[in-house]
Amino acid sequence: MCGIVGFTGELPAKDILISGLEQLEYRGYDSAGIAILDQEKGLLLKKKTGHVADLREAAKDMDTAGTCGIGHTRWATHGGVTEANAHPHNCGSVTLIHNGIIENYRELTVEYGLSEKLKSETDTEVVAALLDKIYEGDPIVAIRKTVKLLAGTFALCIMFSDRPNVIYCVRNVSPLVAAVFDEGTIIASDLTALIPYSKKYFVVPEYHILTMMKDSIHVEDMKGNKVTPEILTVDWDINSAQKGGYPHFMLKEIYEQPEALERTIMPRVSDGMPDFTEDGIPDEVLEKVKRVVVVACGTAMHAGMVGAKVIESRLRIPVQVEIASEFRYKDPIIDEEALTVILSQSGETTDTLEALKIAKSRGSKTISIVNVKGSTIARESDYVLYTHAGPEIAVASTKAYTVQISAMYLLAARMGFVKGILSEEETKEFIAKLSGAGELISKTLENANNIKRIANHIKLAQDVFYIGRGIDYTMSLEASLKLKEISYIHAEAYAAGELKHGTIALISENVPVIAIATEPSVYPKTISNMKEVKSRGAYVILISQDAEKPDDSVCDRQIRIPDAEPTFSVFSTAAVLQLIAYYTSDARGLDVDKPRNLAKSVTVE
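Now for a description of the structure that goes with this document.

Thresholds, definitions, all that
- Residues numbered from 1 in each chain as written.
- Predicted model: local features only at pLDDT ≥ 70, side-chain atom pairs only at ≥ 80, totals over all residues.
- Heavy atoms only, no water.
- Helix = DSSP H or I, 4+ residues; strand = E, 2+ residues; numbered from the N terminus.
- Rg over C-alpha atoms; globule rule 2.2 N^0.38 Å.
- Buried < 20%, exposed > 50% of the residue type's maximum accessible area, 1.4 Å probe, protein only.
- Areas by Shrake-Rupley, 256 points an atom, 1.4 Å probe, with all protein chains shown as cover.
- Lys, Arg positive; Asp, Glu negative; His and termini not counted.
- Charge placed at Lys NZ, Arg CZ, Asp CG, Glu CD.
- Salt bridge = Lys/Arg side-chain N within 4 Å of Asp/Glu carboxyl O.
- Contact = heavy atoms within 4.5 Å.
- Phe/Tyr/Trp six-rings, centres within 6.5 Å; stacked < 30°, edge-to-face > 60°.
- Pairing = 2+ DSSP bridges.
- Axes fitted to C-alpha atoms, helices over the stretch in contact; angles between N-to-C directions.
- Polar contact = N/O pair within 3.5 Å; in protein donor to acceptor, adjacent residues only side chain to side chain.
- Expected span 1.5 Å × (residues − 1).
- Arc of directions from axis to C-beta.
- Parallel < 35°, antiparallel > 145°, perpendicular 65-115°, else oblique.
- Left-handed = near helix turned anticlockwise from the far one by under 90°.
- Right-handed = clockwise from strand over helix to strand, strands pointing away.

### Some remarks on the overall build of the protein chain
The secondary structure content of the protein chain amounts to 19 helices and 26 strands. For a compact globule of 605 residues, the expected C-alpha radius of gyration is about 25 Å, and the protein chain comes in at 25 Å, within 12% of that figure. By principal-axis analysis of the C-alpha atoms, the protein chain measures approximately 75 × 55 × 45 Å. Within the span of the protein chain, comprising 605 residues, buried residues form 61% of the whole. Of the roughly 22,800 Å² that the protein chain leaves accessible, carbon and sulfur atoms contribute 47%. Here the protein chain holds 65 positive side-chain charges and 83 negative ones, and the gap between their average locations is 2 Å.

And the structure:
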């Protein structure tokens, strides 16, 4: 959440900052601002509530050729959505922007007598005031002293009025990436703001101070020791972060899933077998596993639940799926016999990161499944399995979800083989079917118009219910999350067999019930549950394999997906459920890519 951009160099900073903030809009925000240090005019500050487009319009009267500045999109935490609370914040000689939360800002305000300096309700302005109070002419010394006093998470980009053309940065947990290019140096909270300028970048190490100058970036630890960061290369271009003719990023990303799956799966298949040699995950780690703990949040957790179903059913190894924010506080039962699998698209999710640290502290080996190279979770894990979804701009995750499932399947297959649970033949058969996941999605997307027509019926609903059994119930959990987060329709998922234990009381005339029934072993039972809700007036939509053709008494509409083993039909099912959410939101005239109150990367608790 929130977006940070900083630039110093030979080019006018204003357009670079605003364009960078536009690239970061998907992270979620409610106000935006920029600050430019102009050598002739001093500090120029412009802040607006609303969209970056509003900031761009307001900034037209900023007559400046200043080449050093910082910009920010704010997602309100401390204080309401006002221009006073928007970043950047200025106090005396200090101007800064901040991602994260400072937990002890009230104590600092009292201890250092800062209240008279404050004009906003934010924790961020307290940092600016504190830093200004401590500053005596040496920015590095002042930053060191200030950071030692802060409790919480932060990514700070700071300008001092007496240090033209220089930006100082430091972080704890909240992400920052930086790059040097021919015309200057740039820093941001996400790669999408850097890509127009350089494919070479580095992740800012935690508790290291960056000094950004026009032609170079100096990195040092808190003791003043120079550090040379690892330079990484982006493996996608700026076109991947553009809509490419689609009306929304979400629809584009739904259609990108076949290619994303191929990029994630095929480099890890050798002679038909799953192979983690390039990932550096040794067989010994998987061979020793007695149980698996999956930790994640939101959509990533739902992907982990699908993987857990396969590991338990195929390998008979117990799997425990945990919500990261709860895992942190439940004193989890975990030890060296457990393998902890961490899922996070961004690799920066705070609750998931803290859960990872707990697992490691108790002796568990950790494997992270993340999409962003060099992210904090990736670096903190014992091993990392990078997905190759490319940039995902829409807040509602689609392709990141399916590639996470595929990564879980790859782990399951290799684990089963090295433990002697699956034969080589069985493993190859599993991988061959997994390799066809992209094709299943492609065939499913050919039915998009039918799904769009169904969404036009759902758009008027106040409530929507999803039901399913087994792996279909797991899919329904993700489906209900997708629908509610972008259409704002109240949606719930229920295990179909639980309807008669109370929840059927919610069924009323014409309420949509979307039943997922792709597992032959429980198909008749799910059909019986559908008849129960239909007899009570529900508008029933069935998602099932193409071979299943129930009569009209069972459902009002049917969405058929390609015939496949249920373990692999989840990919087709996912595409259908994503399209239902997308088309419903679009039909309601909502901002599909940027739903209210939500952020793409949740870096606060």
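### Remarks on the side chain of Asp123
Its place among the elements puts Asp123 in helix α4 (residues 123-134). Buried within the structure, Asp123 lacks any salt-bridge partner; its nearest side chain of opposite charge belongs to Arg74, at an N-O separation of 6.3 Å. Setting aside chain neighbours within four positions, we find Asp123 in contact with His78, His98, Gly100, Ile101, Ile102 and Tyr105.

### Section: the environment of Glu548
Mapped onto the elements, Glu548 comes out in the loop between β25 (539-545) and β26 (557-561). Judged by relative accessible area, which is 26%, Glu548 ranks as partly exposed. The spatial distance from the C-alpha of Glu548 to the C-alpha of Gln558 is 9.7 Å, given a sequence separation of ten residues. For Glu548, the residues in contact, after removing those within four places along its chain, are Tyr523, Gln558 and Arg560.

### Some points on the packing of aromatic side chains
Under the defined criterion, the tally for this structure stands at twelve aromatic pairs. Here Tyr409 and Phe571 contribute two aromatic rings whose centre-to-centre distance is 5.8 Å and whose plane-to-plane angle is 80 degrees, an arrangement assigned as edge-to-face. On the criterion of sequence distance, the pair formed by Tyr409 in helix α13 (residues 399-418) and Phe571 in helix α19 (residues 566-587) is long-range, its members being 162 residues apart. Here the two residues Tyr409 and Phe571 agree in accessibility, since each one is buried. The interplanar angle of 65 degrees and the centroid separation of 5.1 Å between the aromatic rings of Phe430 and Phe568 together place this pair among those described as edge-to-face. Within this pair, whereas Phe430 is found in helix α14 (residues 424-435), its partner Phe568 is found in helix α19, the two being separated by 138 residues in sequence.

### Topic: the environment of Pro88
Looking at the element boundaries, Pro88 is found in the loop between β4 (68-74) and β5 (89-91). Take Pro88: its relative accessible area is 0%, and that puts it in the buried class. Measuring from C-alpha to C-alpha, the distance between Pro88 and Ile377 comes to 28 Å, with 289 residues separating the pair along the chain. In contact with Pro88, not counting residues within four places along its chain, are Gly33, Ile34, Ala35, Leu45, Lys47, Ile70, Thr95, Leu96 and Ile97.

### So, the sheet that holds strand β10 (residues 184-188)
Taken together, the eight strands give an open sheet; going across it, the order is β3-β2-β4-β1-β10-β9-β11-β14, and neighbouring strands pair in antiparallel fashion. The outermost strands of the open sheet, each flanked by one partner alone, are β3 (42-49) and β14 (232-233). By the bridge criterion, five bridges tie strand β9 (residues 177-181) to β10 in an arrangement that is antiparallel. The partner of Val177 across the bridge, within β10, is Ala188. Sheet strands touched by helix α1 (residues 13-23): β1 (3-9), β2 (31-38), β4 and β10. Its angle to β1, the strand with the most contacts, is close to 155 degrees.

### Considerations on the side chain of Thr185
Assignment of secondary structure puts Thr185 in strand β10. Residue Thr185 is classed as buried on the basis of its relative accessible area, which comes to 0%. At a separation of 2.8 Å, a polar atom in the side chain of Thr185 contacts the main-chain carbonyl oxygen of Met213. Setting aside chain neighbours within four positions, we find Thr185 in contact with Gly6, Phe7, Thr8, Ala179, Val180, Met212, Met213, Lys214, Asp215, Ser216 and Ile217.

### Quick notes on α13
In this model, α13 (20 residues) spans 29 Å end to end at C-alpha, consistent with the 28 Å of a helix rising 1.5 Å per residue. Among the 20 residues in α13, 19 count as buried, and that is most of the element. One or two steps after α13, the chain reaches Gly420, where phi turns positive at roughly 75 degrees.

### Concerning helix α7 (residues 257-265)
Listed as buried for α7 are Gln257, Pro258, Ala260, Leu261, Thr264 and Ile265. End-on, the buried residues of α7 take up no more than an arc of 165 degrees, which puts them together on one face. Residues of α7 that are buried sit in contact with α6 (249-255), β15 (269-270), α13, α14, α15 (437-445) and α19.

### What about the packing of α7 against α13?
Where α7 meets α13, the closest approach of the two axes is 9 Å, and the angle between their N-to-C directions is 30 degrees. Regarding the angle of α7 to α13, the classification is roughly parallel. The two elements α7 and α13 meet at a crossing, and its hand is right-handed. In this structure, α7 contributes Gln257, Ala260, Leu261, Thr264 and Ile265 to the contact, and α13 contributes Lys399, Thr402, Val403, Ser406 and Leu410.

### Remarks on the pattern of salt bridges
All chains considered together, the criterion is met by 24 salt bridges. As a salt-bridge pair, Lys60 and Glu57 come within 3.0 Å of each other at their nearest N and O atoms. A salt bridge links Asp351 to Arg328, with the nearest nitrogen and oxygen atoms 2.9 Å apart. Here Arg328 lies in the loop between α10 (324-327) and β19 (338-344) and Asp351 lies in helix α11 (residues 350-361), a separation of 23 residues in the sequence. Summarising the burial analysis for this pair, Asp351 and Arg328 share the class buried. Linked by salt bridges that have partners in common, Arg314, Glu429, Lys433 and Glu565 make up one network.

### Focus on the pairing of strand β24 (residues 512-517)
Buried residues dominate β24, accounting for six of its six residues. Because side chains alternate across β24, one face comprises the buried residues Pro512, Ile514 and Ile516, and the other comprises Val513, Ala515 and Ala517, equally buried. With four bridges joining them, strand β22 (residues 463-468) and β24 adopt parallel strand pairing. Bridge pairing in β24 links Gly468 to Ile516. Judged from the six bridges that link them, β24 and β25 form a sheet pairing that is parallel. Within β25, the residue paired with Pro512 across the bridge is Tyr539. With respect to chirality, the unit in which β24 leads through helix α18 (residues 523-534) into the neighbouring parallel β25 is right-handed.

Don't take any of this as a statement about function, it's just geometry.
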